[in-house]
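# A look at the structure
Take a look at the letters that make up each chain.
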Amino acid sequence: MNIIKLDAIHSTNDYLKSLVQKQFVENLTVITAEHQFNGRGQMGSQWLVEQGKNLTFSVLVKDLLLDINAIFHLNVAVAVSIIETLSILKIDNLAIKWPNDILAGNKKVGGILIENMIRNGGEIFSIVGIGINVNQQDFNHLPQAGSLLTVTGVEFDKTKLMLELLHNLGRNISSVMNENTTLIWNKYHQYLYKKNIPMAFETLDGQKVMGIIQGVNNFGKLVVLLADDTIKHYNIKEIKMLY
């Protein structure tokens, strides 16, 4: 596994994407930076981190997804890999908030952004961006954010954390390649935030609805049982949890 360490960069995802377009890049190449000026989260949100305190890196995954419809298997593999890693560190109350937020004690401590590129001939390259708040203490105006330090009171070694996470990611990616995804999907649903608990949602048109999360389907849609006993499947932008 090739790991390229940078001091500061606008975005590790953008850097790796540019590198792939210019030259051959080995599968599972990692770009990590002490500071990102323009880190991004889901739906274009900005991922703001304190320099030197957190873990931000991107991984190139290729030769994995042969079908565009199987993309969410990779999301599941990445989320489960983070959960497994944090579990080893004895982080309590871990959860995966659909689709790609990592929570500890109801605080967002990590996030995932996967960008896929379809090359000539249909080959799919995935840039897996991972951000974990490790030793940051101050989250001004972000009441839902936290770090491993704020939820445990303990500082962590970022390098050891990344290496353990990459080990777990490599193992789970192998499971996806071998079409052995049942175990990681089961673990994803085991840690799915608010699964089987009644809660409020807001739909795309601003309507408030009550529902119970049943799970996530293979295409990454949230499966919700609504108050009228109908089951609906929602894409990422179609519904928001109110919590």
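Being a predicted model, the structure only gives us computed values, none of them experimental. (Residues numbered from 1 in each chain as written. Predicted model: local features only at pLDDT ≥ 70, side-chain atom pairs only at ≥ 80, totals over all residues. Heavy atoms only, no water.)

This brings us to the overall build of the protein chain. Along its length, the protein chain carries 5 helices and 12 strands. Overall size of the protein chain, expressed as C-alpha extent along the three principal axes, is 55 × 45 × 35 Å. The burial tally for the protein chain puts 50% of its 243 residues in the buried class. Here the analysis covers contacts within the protein chain between residues at least 6 apart in sequence; of these, 62% occur between residues at least 24 apart. Summing over all exposed atoms, the protein chain offers an accessible surface of approximately 12100 Å²; the carbon and sulfur share of this is 49%. If you average the places of the 22 positive and of the 22 negative side-chain charges in the protein chain, the two averages end up 2 Å apart. (Helix = DSSP H or I, 4+ residues; strand = E, 2+ residues; numbered from the N terminus. Buried < 20%, exposed > 50% of the residue type's maximum accessible area, 1.4 Å probe, protein only. Contact = heavy atoms within 4.5 Å. Areas by Shrake-Rupley, 256 points an atom, 1.4 Å probe, with all protein chains shown as cover. Lys, Arg positive; Asp, Glu negative; His and termini not counted. Charge placed at Lys NZ, Arg CZ, Asp CG, Glu CD.)

The subject of this paragraph is the packing of helix H2 (residues 71–88) against helix H4 (residues 158–177). Between H2 and H4, the least distance of the axes is 8 Å, while the angle of their chain directions is 140°. On the basis of their axis angle, the class for H2 and H4 is oblique. For the element pair H2 and H4, the recorded crossing hand is right-handed. In contact with His73, Leu74, Ala77, Val78, Val80, Ser81, Ile82, Glu84, Thr85, Leu86 and Ile88 of H2, H4 contributes Leu161, Glu164, Leu165, Asn168, Leu169, Arg171, Asn172, Ile173 and Val176. Classifying every residue of the contact of H2 with H4 by side-chain character gives 12 nonpolar, 5 polar and 3 charged. (Axes fitted to C-alpha atoms, helices over the stretch in contact; angles between N-to-C directions. Parallel < 35°, antiparallel > 145°, perpendicular 65-115°, else oblique. Left-handed = near helix turned anticlockwise from the far one by under 90°. Nonpolar A, V, L, I, M, F, W, Y, C, P; charged D, E, K, R; others polar.)

Once that is clear, we can look at helix H1 (residues 12–22). What H1 keeps buried is the set Thr12, Asn13, Leu16, Lys17, Leu19 and Val20. Taken around the axis of H1, the buried residues stretch over an arc of 160°, which confines them to a single face. In H1, the exposed residues that point more than 90 degrees away from the buried face are Gln21 and Lys22. Buried-residue contacts for H1 involve strand S1 (3–9), strand S2 (30–36), strand S3 (55–61), strand S6 (107–118) and strand S7 (124–132). Put simply, serine 11 is the residue that caps the front of H1, since its side-chain oxygen is 3.3 Å from the backbone nitrogen of asparagine 13. (Arc of directions from axis to C-beta. Polar contact = N/O pair within 3.5 Å; in protein donor to acceptor, adjacent residues only side chain to side chain.)

A separate point is the side chain of threonine 29. Along the chain, threonine 29 turns up in the loop between H1 and S2. When residues no more than four places from it in sequence are discounted, the contact partners of threonine 29 are Asn2, Ile4, Leu16, Ser58, Val59 and Leu60.

A word on the packing of H2 against helix H5 (residues 182–190). The geometry of H2 relative to H5 is characterised by a closest axis approach of 9 Å and an angle of 65° between their N-to-C directions. Relative to H5, H2 is oriented so that their crossing is left-handed. Facing Phe72, His73, Val76, Ala77, Ala79, Val80 and Glu84 of H2, the residues of H5 in contact are Ile184, Trp185, Lys187 and Tyr188. Its residues assigned to classes, the contact of H2 with H5 comprises 8 nonpolar, 1 polar and 2 charged.

We now examine the side chain of asparagine 135. One can find asparagine 135 in the loop between S7 and helix H3 (148–152). For asparagine 135, a relative accessible area of 11% puts it in the buried group. Discounting residues that sit within four places of it in the chain, asparagine 135 has contacts with Lys53, Asn54, Ser147, Leu149, Val154, Glu155, Phe156 and Lys158.

Here the focus is the sheet that holds strand S4 (residues 94–97). The sheet built from 7 strands is open, its strands ordered S1-S2-S3-S7-S6-S5-S4 with mixed pairing. With partners counted over all chains shown, the strands left at the sheet margins are S1 and S4, one partner each. Strand-to-strand, the axes of this sheet are offset by a mean angle of 20°, without reference to chain direction. Across 4 bridges, strand S5 (residues 101–104) lies against S6 in antiparallel orientation. Within S6, the position partnered with aspartate 101 by the bridge is glycine 111. Each of S4, S5, S6 and S7 touches H2; the most contacted strand, S6, lies at about 150° to it. (Pairing = 2+ DSSP bridges.)

As a further point, take the sheet that holds strand S11 (residues 231–234). The 5 strands are arranged S11-S10-S9-S8-S12 in an open sheet whose pairing can be described as antiparallel. Taken across any chain shown, the strands that pair with only one partner, and hence form the sheet edges, are S11 and strand S12 (239–242). Ignoring strand direction, the axes of neighbouring strands in this sheet form an average angle of 50°. As defined by bridge partners, strand S8 (residues 198–203) adjoins S12 across 4 bridges and the pair is classed as antiparallel. Counted as the bridge partner of phenylalanine 201 is methionine 241 from S12.

By themselves these figures say nothing about function.
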